Amino acid sequence: MASAAIASSSSSFINQRRNDVGLSSFSPNTSFYLSNAKKKMVSKNIVSVMAPQSQRTPSTTGSVKTGMTMTEKILARASEKPQLSPGENVWVNVDILMTHDVCGPGSIGIFKKEFGQNAKVWDREKLVIIPDHYIFTKDERANRNVDILRDFCNEQNIKYFYDINDLGNFKAGTFFPHHDLTPHANPDYKGVCHVALAQEGHCRPGEVLLGTDSHTCTAGAFGQFATGIGNTDAGFVLGTGKLLLKVPPTLRFVMDGEMPDYLLAKDLILQIIGEISVSGATYKSMEFVGSTVESLSMEERMTLCNMVVEAGGKNGVIPADATTYKYLEDKTSLPYEALYSDEKARFLSEYRFDISKLEPLVAKPHSPDNRALARECKDVKIDRVYIGSCTGGKTEDFLAAAKVFLASGKKVKVPTFLVPATQKVWMDVYSLPVPGSGGKTCSQIFEEAGCDTPASPSCGACLGGPKDTYARMNEAQASGTFLQIRQEINTSSSLVCVSTTNRNFPGRMGHKEGQIYLASPYTAAASALTGYVTDPREFLQ
Amino acid sequence: MAAATFSSLHHKISVSNSINKAFHPQSSPNLIKLPSKTPRPSSFNSISPKPTLSPLSTRPRAAADDVAAPATAFHGVCYVVGDNIDTDQIIPAEYLTLVPSNPEEYKKLGSFALIGLPAAEYPTRFMTGGEFTSKYSILIAGDNFGCGSSREHAPVALGAAGVKAVVAESYARIFFRNSVSTGEVYPLESEKRLCEECKTGDVITIELGDSLLINHTSGKEYKLKPVGDVGPVIEAGGIFAYARKAGMIPSRAV
């Protein structure tokens, strides 16, 4: 059992949080959405967290500029105001609007209806259209939706449209764009929007990025304001380049301590969501700081910010630093200016974590806040493992899974589905050497371990999708090439999946009775090897 | 307190004083007279009627350019759900190929509303197979209603299915925002946990002016939280109508 590191001076989480909200340090016009008290007790086993400590600064007079958080500053600059406080509503200039095949057609429909059939988007270079959700399917409506995007992009001469034409082969034209002269080449296709946005250099510190997808908050890893919106709001942005946004107060999460080599960012965010619940950050910004955060790579930071929405958060932010600039060096040529929280910025609450004391976690069915230690779930028999999505399908996620398979040297005991998020990730899986393997690639290690062949990049089965989606949880049958022979087939409980994705509500991956355990790529790979939910330390130590 | 607010441009138009208030608190639950401001042939729900389908491929919604009578009350049978009803339960992802701005597909979306609710916990289904609208026009929910995805298909499916108002203990922000922006369902917050006080099938009246929910079946009344700053946006019929009223964007091209 992890040793206790709770500060004794604090009161309980709930009381502390209630005390923080709506008091004199904020202007009288502000109003916060106060999430109701958690219905669940904080797990007594997770003891490495200190109670949240509020930062109270004395009220200042209206004429003096008060310190602002990073989120407040970004929104202030984007709304051309010198000062903003949580609760204010401002019209914000949007730097990037992203949409995909599920919400794009609806947003376009609204745009045309409201601004006219011949209306032009506010800026053809600030719209990024990324088909990624329902791509490799025979569903006619899904295919039609990609066509709708294409028609619109042609009509509007949209600069960034990561199109796909040949659904049978996502690679057509990508590797040899000059040689492949087939009419249905895919030189532009990327894959999962949030990973593509980062890889293609559309995420920049200090900017405002909106997307018609809840996991748009992923981009906060770059020190920008990024949040998900619906079709109607997107239609509005398409015509005006602005949106009315309410300034959220910020929760600060300070993570210090050296990251143990069996933990990944997924464990950190599962820790946090388990702590504050699925509504703990509703209407709030989540700011992640501390030495551990600084040690994370960009992809790991993306994982952290990705699941902010699972806590109800409006946006997540991580201050830009050398790691950020290095990542961006070869990806964007547009100028940007990072913004940082003032020293005297006011935070709604602060949570501190000693990361060195954390253990690998899962979120049990059916909620992302249903936190448990992986090792305490070792008797849970599973039927499949899914490694993919914007949360857990990036290059480093696959390298992490490969590390576990390499350490074990054995074969998986359940169908193990691998869905690289983008074509770049797919290529990395097939080309990058895995450290310590003597030059083997991830794909070789996966093959030796008996995993399914890495699939075409897309959102895949993270959200179920059309019935023919690869790895979708349909009935009690495994899809893919792995033939599963079970001695007992229990149709109601035979759909247990350990997944590196972001949600596990009922029916999330298809079948309503599916049981999804959210986990890090380490934990997912370890579980694949044993056929039970497994702490990766079984293989990594 | 309703969270997403859009009040920065305008003096507030609160719901209670905007129209001739045509009703009064109920003393006897059996004598319900709810005259709406402008007479409606068949329904008490006084949100402006959906205009006839235009030849455009887009589905018209409550249009600001029409003379719209803002809602003052809702009356109907309620369907009760619990906490953390996420968007996958409201409209599972496999139906998201339906484009809400397409009138035919809008209607189809309605037929799948709340189909993702597990049968074990919800044996009484919200829709029975083959229907496009539900007999339940009021949804009562617990905490964090609409959590999960940003898919606007969620409030749209509910609206298409005939839900006029949702009364939840609390909302997830994107769902709430989408409800307000689209004008599809009226998102209200309760003071108490109404999902424990009401049962599916109870006959409900919601009086917006008084912020009151009346359960005629149980005979009890409950205070609702005032709509607050989102009132003007909802009243106008969504963010576009509101922005037009504010002069933020020009009137819609005909």
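Not measured: the values here are computed from a predicted model. (Residues numbered from 1 in each chain as written. Chains lettered and ligands numbered in written order. Predicted model: local features only at pLDDT ≥ 70, side-chain atom pairs only at ≥ 80, totals over all residues. Heavy atoms only, no water.)

Help me out: how do you make sense of the environment of Asp 256 of chain A in this one?
All names here are of chain A. Among the secondary structure elements, Asp 256 is positioned in strand 9 (residues 250-256). Between the C-alpha atom of Asp 256 and that of Ile 276, which follows or precedes it by 20 residues, the distance is 19 Å. In contact with Asp 256, not counting residues within four places along its chain, are Gly 290, Ser 291, Thr 292, Arg 352, Phe 353, Asp 354, Ile 355 and Ser 356. (Helix = DSSP H or I, 4+ residues; strand = E, 2+ residues; numbered from the N terminus. Contact = heavy atoms within 4.5 Å.)

Please explain the pattern of salt bridges as it appears in this structure.
Working definition: two side chains of opposite charge can pair if their charged atoms are close together. Residues and elements named next belong to chain A. As enumerated under the stated definition, the model contains 33 salt bridges over all chains in all. Here Asp 342 makes a salt bridge to Lys 73, at a shortest N to O gap of 2.6 Å. With Asp 342 in the loop between helix 10 (322-328) and strand 12 (349-354) and Lys 73 in helix 2 (residues 70-78), this pair connects stretches of sequence that are 269 residues apart. Between Arg 252 and Glu 287 there is a salt bridge whose closest N-O contact spans 3.2 Å. Here Arg 252 is found in strand 9, whereas its partner Glu 287 is found in strand 10 (residues 285-289), with 35 residues between them in sequence. Both residues of the pair, Arg 252 and Glu 287, count as buried. Taken together, the shared-partner salt bridges connect Glu 359, Arg 375, Asp 535 and Arg 537 into one network. (Salt bridge = Lys/Arg side-chain N within 4 Å of Asp/Glu carboxyl O. Buried < 20%, exposed > 50% of the residue type's maximum accessible area, 1.4 Å probe, protein only.)

What's the story with the domain arrangement of chain A in this structure? I'm lost.
Interface size is commonly expressed as the accessible surface area that is lost when the partners come together. Residue and element names in this part refer to chain A. Under the domain assignment, chain A is made up of domain 1 (70-169 + 182-356) and domain 2 (362-479 + 491-538). Listed per partner, the contact involves 40 residues of domain 1 and 41 residues of domain 2. Contact between domain 1 and domain 2 buries roughly 3,300 Å² in total, counting both sides, with carbon and sulfur atoms accounting for 59%. When the buried surface of domain 1 facing domain 2 is broken down by residue, Tyr 262, Lys 266 and Glu 299 rank first, second and third, together holding 17% of it. Here domain 1 is connected to domain 2 by three salt bridges. With a closest N to O distance of 2.7 Å, Arg 503 and Glu 310 form a salt bridge. Linking domain 1 to domain 2 there are 23 residue pairs in polar contact (both at pLDDT 80 or more). Elements with a contribution of two residues or more to the side of domain 1 that touches domain 2: helix 5 (193-199), helix 7 (265-276) and helix 9 (298-306). Among the elements that line the side of domain 1 that touches domain 2, the one with the most residues is helix 7, at seven residues. (Domains from an automatic or database assignment. Buried area = accessible area lost by both parts, 1.4 Å probe. Polar contact = N/O pair within 3.5 Å; in protein donor to acceptor, adjacent residues only side chain to side chain.)

Just checking my understanding: could you explain the packing of helix 12 (residues 395-408) of chain A against helix 14 (residues 442-449) of chain A for this structure?
Pairs of packed helices are described in terms of their axes, by the angle between the two and the distance that separates them. Residue and element names in this part refer to chain A. Look at helix 12 against helix 14: their axes get within 9 Å of each other, and the N-to-C directions meet at 45°. Comparing their axes, helix 14 and helix 12 come out oblique. The way helix 12 lies across helix 14 gives a crossing that is left-handed. Across from Phe 398, Leu 399, Ala 401, Ala 402, Phe 405 and Leu 406 in helix 12, the residues of helix 14 making contact are Cys 442, Ile 445, Phe 446 and Ala 449. (Axes fitted to C-alpha atoms, helices over the stretch in contact; angles between N-to-C directions. Parallel < 35°, antiparallel > 145°, perpendicular 65-115°, else oblique. Left-handed = near helix turned anticlockwise from the far one by under 90°.)

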